[in-house]
Amino acid sequence: LYSFFFFFFLMIRRPPRSTLFPYTTLFRSLPLLIKASQADFDAIRIAAIETIGNLGSEKGFDAVICSFNDSNREISLKAASALGKIKNRQAIQTLLSKISADDELMNVTIIRSIGEIGSNEAEEEILKLLKDSNPKIRAASAETLGKILL
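A brief look at the structure comes next. (Residues numbered from 1 in each chain as written. Predicted model: local features only at pLDDT ≥ 70, side-chain atom pairs only at ≥ 80, totals over all residues. Heavy atoms only, no water.)

### Section: the nonpolar core
Stated precisely, the cut-off is as follows: What makes a nonpolar core is a set of buried Ala, Val, Leu, Ile, Met, Phe, Trp, Tyr and Cys residues whose side-chain atoms join them at distances within 4.5 Å. Each residue is placed in one exposure class: buried if its accessible area under a 1.4 Å probe, protein chains only, is under 20% of its type's maximum, exposed if it is over 50%, and partly exposed if it falls in between. Every helix listed is a DSSP run of H or I at least four residues long, and every strand listed is a run of E at least two residues long, numbered separately from the N terminus. By definition in these notes, contact holds between two residues if any of their heavy atoms fall within 4.5 Å.
Residues Phe-68, Leu-83, Leu-95 and Ile-114 are the most contacted members of the largest nonpolar core, which totals 36 residues. Elements that contribute at least two residues to this core include exactly α3 (30-36), α4 (42-55), α5 (61-68), α6 (73-86), α7 (91-97), α8 (104-117), α9 (123-129) and α10 (135-149). Considering every element that reaches this core, the biggest residue donor is α6, with seven residues. Beyond its immediate stretch of four places on either side in the chain, Phe-68 contacts Ser-76, Ala-79, Ala-80, Leu-83, Thr-94, Leu-95, Lys-98, Met-106 and Ile-110.

So this is what it looks like as structure tokens:
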């Protein structure tokens, strides 16, 4: 009976490499993810953008910016979220340029991404959004100001 459990343990344990193995593999695959972010299929593009954002790598910044300006709303939303995770201050003006009165979810995602970047560069614009008529935009703005100012 004990030999069975020992055999089972050997089958399910991690590979003998370090615990950082999956992450180092993902960083090595970043060029493939960047290519995938420009694929013809939206589902592939969305998954690639989301993964680049989760990695938080500056190397994927340009690909995510290109995707942010895409005409597909879902791709733009994922790219906005990914830009916040990458935390590059150069994205702030690009993010602010896409805030509009029409799209509540996009605005909230952009505001939260600016908060994740954590730069006080957008402080004036976020203060203006505290007076917005939409309570979700006001709440996201207050949350972002808390992250920026603290």
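Back to the write-up after that little detour.
### Notes on the side chain of Asn-88
Put simply, the rule reads: Each polar contact in these results corresponds to two N or O atoms within 3.5 Å; when the atoms are within protein, one needs to be able to donate a hydrogen and the other to accept it, and residues that are neighboring in sequence are counted only if both atoms are side-chain atoms.
With respect to the helices and strands, Asn-88 occurs in the loop between α6 and α7. Of the residues examined, Asn-88 reaches a relative accessible area of 9% and is grouped as buried. A distance of 2.7 Å separates a polar atom in the side chain of Asn-88 from a polar atom in the side chain of Glu-58.

### Details of α4
Our working rule: Given a helix with a known number of residues, its expected span is that number minus one, times 1.5 Å.
Here α4 is 14 residues long and its end C-alpha atoms lie 20 Å apart, about the 20 Å a rise of 1.5 Å per residue gives. What α4 keeps buried is the set Arg-45, Ile-46, Ala-48, Ile-49, Ile-52, Gly-53 and Leu-55. In the segment just after α4, Gly-56 is the residue with positive phi, at about 70°.

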